Amino acid sequence: MATPRQKLGTKEPKASQTLSEAQIAVHWKEEQYYYPSKKFIAQANLKDPALVKKFSEKNFPACFDHYASALDWDKKWHKTLDTSNPPFWKWFVGGKLNACYNCVDRHLAKYKNKAAIIFVPEPEGETTTVITYQELYKRVNELAAVLGDFAGLKTGDRVTIHMPMIPELPITMLACARLGIVHSVVFGGFSGEACGLRAADSGSRVLIYADGYWRNGKWVDHKAAAEIAVKTAEKEGQRIDKVLVWQRYPGKYSSETPMVKERDHFINDVVKAYHGQTVQPVSQDAEAPLFLMYTSGTTGRPKGCQHRTGGYLAYVTGTAKYYQDIHPEDVYWCMADIGWITGHSYIVYGPLALAATSVLYEGVPQYPDVGRPWRIAERLDVNIFHTSPTAIRMLRKAGLDEPRKYNYHFKHMTTVGEPIEPEVWQWYYDVVGKGEAAIVDTWWQTETGGFLCTTKPALDPMKPGSAGPPALGIYPVIWDEEGREVKAGSNLAGNICIRNPWPGIMQTIWGDPQRFVSQYYKKYNKNAQSKDWRDWPYYAADGAMIAKDGYYRILGRVDDVINVAGHRLGTKEVESACLTIPEIAEAAVVPAVDEVKGRVPVVFISLKPGASAEETRAIQDKVTTAIETMIGKIARPKEIHMVPDMPKTRSGKIMRRVLAAIENHMDTGDITTLANPDVVEQIRVLVQGHEEGKLQEGPEDIKRFGQES
Ligand code: WTA
């Protein structure tokens, strides 16, 4: 194609095309293909085209038995998929298994002396800790005894875990899974308040914490968050009976927050009384919930995505094996945090079910310098690496040639969480991967359990910036707003949906099945009474397009979610935090393009009559504090603009789309129908200054931002 090189997210519509409102033209420069090496192909788990055929649509859903067969079952399922109550699918019906048994016990016979987890502390002077499968087995059993006996937790109870990246986090998750306790891990960087809200929503009466951890060279007193979490949960009507605290340095309490008598206990101490105890893994129904993972959506509070035991574990095991090419001999390092879905599926459950060695790094990649990840890779001989475009952009910016100084060799690398710009992909491939590693760009979501689009690393060529074809057994479609299919090679963008159920899809939203249906299935369902799964496509809320070769390119969220450094942030959550400040009348949060983090939140606020605008600085500080307290530092806005009024429709709806356009120097479109069109220019001057700069084309997600609300 003779188009000039385009930046990801810029468009070049065809002059000849006439488009309706619902059609969005995007014109990408097609990137060239890259092929995996012969050496990689020779050893790959997925190199047999016959297996790919097995997953063809006519073999759905039985094809997924292949994934389930990779697990050890106490009782085999009698039906692969029950679709009698759409969209509440049931996978591997009648089957019984235990997730912890599959990730730990079953490996003992062959691999007990092999490293399961290698923990790398952030301070470089501290030694790495190796936990073998045997030791993992012992530690998980002892902790399961504590959870059952000391904490009085039973199968089906929920527990909220607010912990940093230390080995006790996966140990705690696995101990829960052993007993069938539903864990809800809250990202360590979230605030105590965010944790408390999630604990209340899930009905957890036990919180599990760590006293503190290292991050970017600083000690974080994490137990302080527990106090706030307990108070918040109680305000919401959920009593917290026990706070169990892991000490980052066993035997020493490293937090300044006092332990509360009877309520708070050091797990390190309690576990001593359970030394050597073993606990039978509870044989769980395939449909028993394994965990909740809260994520941001279009409206209101974060929702608890509920994942099932059998289908989820089968799906992450199968996808980790085939797309990440994990063998038991591999040293696998995913730099994500376990507090996100990537960490659950592809640090803990997938890799451990495959008996891999999973590296766990406590800190930030650039500490004490940008060579750190490559030193870790060299030292541990990591051969499979997994990270996000934000981390790649950051490492590239700070150390263009740094990886070349280290003698490590990756056979495979994953990228996940955001669209990756072709030039960033190229650096990842050439410099981090040294031209040797096969890359998979995996598109998926908290809700989906595992990968939905990715190349098969030994079989499909890579194409920078494209997630690639659908994963085995996944049948996507792109529809425009009016439900017309967006065809391959049409240069149009639309909403990507998955036509069929798959084992990794969440079961429901915890406590809110209606919201599950309305958020993910209502949009393209034509008949709410239908019992046919074909009438229930999954709506992902991502914009996408498909090239002639069938490769999907993901353009970003089309709802009120901002993808900040690969982490989902609900704009409504940030707005609610702003509205807790008495002087603020209205708040609107929009995404701004950021060179490293992809997108960052920008806040617009207007004050109540009578509130003094002279206190701008003070109010801006209050906004930042409120956001950090209620959500966490990851939600800190890049800018806070105080505006005289919000641009509104005649019915009083805030036009966030207009604000996003101004913030990103894009065309605001038609504003004549607004109730207060004059305010648009005032805001523009406030944000951009008097001189009108050149308008940018801007990325698709920002163009479509606010469309849904
Ligand atoms: C985005 C993370 C482009 C997307 C696993 C999705 C991506 C959201 C990719 C889910 C990718 C994820 N290319 N965009 N390879 N992977 N996304 O729930 O917008 O934290 O909807 O799950 O991240 O984020 P979540």
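Model, not experiment: these values are computed from the prediction. (Residues numbered from 1 in each chain as written. Predicted model: local features only at pLDDT ≥ 70, side-chain atom pairs only at ≥ 80, totals over all residues. Heavy atoms only, no water.)

Asker: Whenever I open this one, the pairing of strand S16 (residues 303–308) confuses me. Can you help?
Answerer: Walk down a regular strand and you will see the side chains alternate between the two sheet faces. For S16, the tally of buried residues reaches six of six residues, placing the bulk of the element in the interior. What you see with S16 is no split at all: Lys303, Cys305 and His307 on one side and Gly304, Gln306 and Arg308 on the other are buried throughout. Sheet analysis places strand S15 (residues 289–295) next to S16, joined by six bridges and oriented antiparallel. Bridge pairing in S16 places Tyr294 opposite Gly304. Judged from the two bridges that link them, S16 and strand S24 (residues 508–509) form a sheet pairing that is antiparallel. When the bridges of S24 are listed, Cys305 appears paired with Ile509. (Buried < 20%, exposed > 50% of the residue type's maximum accessible area, 1.4 Å probe, protein only. Helix = DSSP H or I, 4+ residues; strand = E, 2+ residues; numbered from the N terminus. Pairing = 2+ DSSP bridges.)

Asker: Can you walk me through the packing of aromatic side chains in this structure?
Answerer: A complete count under the given rule lists 47 aromatic pairs for this structure. Ring centres of Phe60 and Trp91 lie 6.4 Å apart, and the angle between their planes is 75°; on these two criteria the pair is classed as edge-to-face. Pair noted here: Phe60 is in the loop between helix H2 (49–54) and helix H3 (65–68) and Trp91 is in strand S3 (residues 90–93), with a separation of 31 residues, a long-range link. Both residues of the pair, Phe60 and Trp91, belong to the buried class. (Phe/Tyr/Trp six-rings, centres within 6.5 Å; stacked < 30°, edge-to-face > 60°.)

Asker: In this structure, what is going on with the nonpolar core? I would like to understand it.
Answerer: When a protein is soluble and globular, its nonpolar side chains tend to lie buried together. Of all hydrophobic cores here, the largest spans 122 residues; its most connected members are Phe64, Leu136, Leu147, Ile208 and Tyr349. With nine residues, the single largest contributor to this core is helix H6 (residues 133–150). Residues in contact with Leu147, not counting those within four places in the same chain, are Gly152, Leu153, Ala175, Cys176, Leu179, Ile181, Ile208 and Leu244. Membership of the second largest hydrophobic core comes to 64 residues, among which are Val230, Val245, Val658 and Ile702. (Core = buried A, V, L, I, M, F, W, Y, C linked by side-chain atoms within 4.5 Å. Contact = heavy atoms within 4.5 Å.)

Asker: Quick question: what am I supposed to make of the sheet that holds strand S7 (residues 158–163) here?
Answerer: Sheet strands pair by backbone hydrogen bonding; their relative direction is either parallel or antiparallel. If you walk across this open sheet you meet the eight strands as S13-S12-S9-S7-S8-S15-S16-S24, and the pairing is mixed. The open sheet has two free edges, formed respectively by strand S13 (264–266) and S24, since each of these has just one partner strand. Strands S7, strand S8 (182–187), strand S9 (206–210) and S15 of the sheet are contacted by helix H8 (residues 192–202), whose axis makes an angle of about 165° with S7. Strands in contact with helix H11 (residues 310–323) are S15 and S16; relative to S16, the strand with the most contacts, it is inclined by about 80°. (Axes fitted to C-alpha atoms, helices over the stretch in contact; angles between N-to-C directions.)

Asker: Would you take a moment to explain the site of the ligand for this structure?
Answerer: Neighbouring the ligand are 17 residues, the closest being Asp441, Thr442, Thr446, Asp542 and Arg568. For the ligand, a nitrogen atom lies 3.5 Å from a polar atom in the backbone of Pro419. In this structure, Arg568 approaches the ligand through a side-chain N or O atom, which is 2.8 Å from an oxygen atom. Notes on the ligand: free accessible area 530 Å², of which the protein chains cover 97%. Put simply, the parts of the chain that give the shell around the ligand at least two residues each are helix H12 (341–353), strand S21 (438–442) and strand S26 (552–557). Tallied by class, the residues present in the shell around the ligand amount to six nonpolar, six polar and five charged. (Near = heavy atom within 4 Å. Polar contact = N/O pair within 3.5 Å; in protein donor to acceptor, adjacent residues only side chain to side chain. Areas by Shrake-Rupley, 256 points an atom, 1.4 Å probe, with all protein chains shown as cover. Nonpolar A, V, L, I, M, F, W, Y, C, P; charged D, E, K, R; others polar.)

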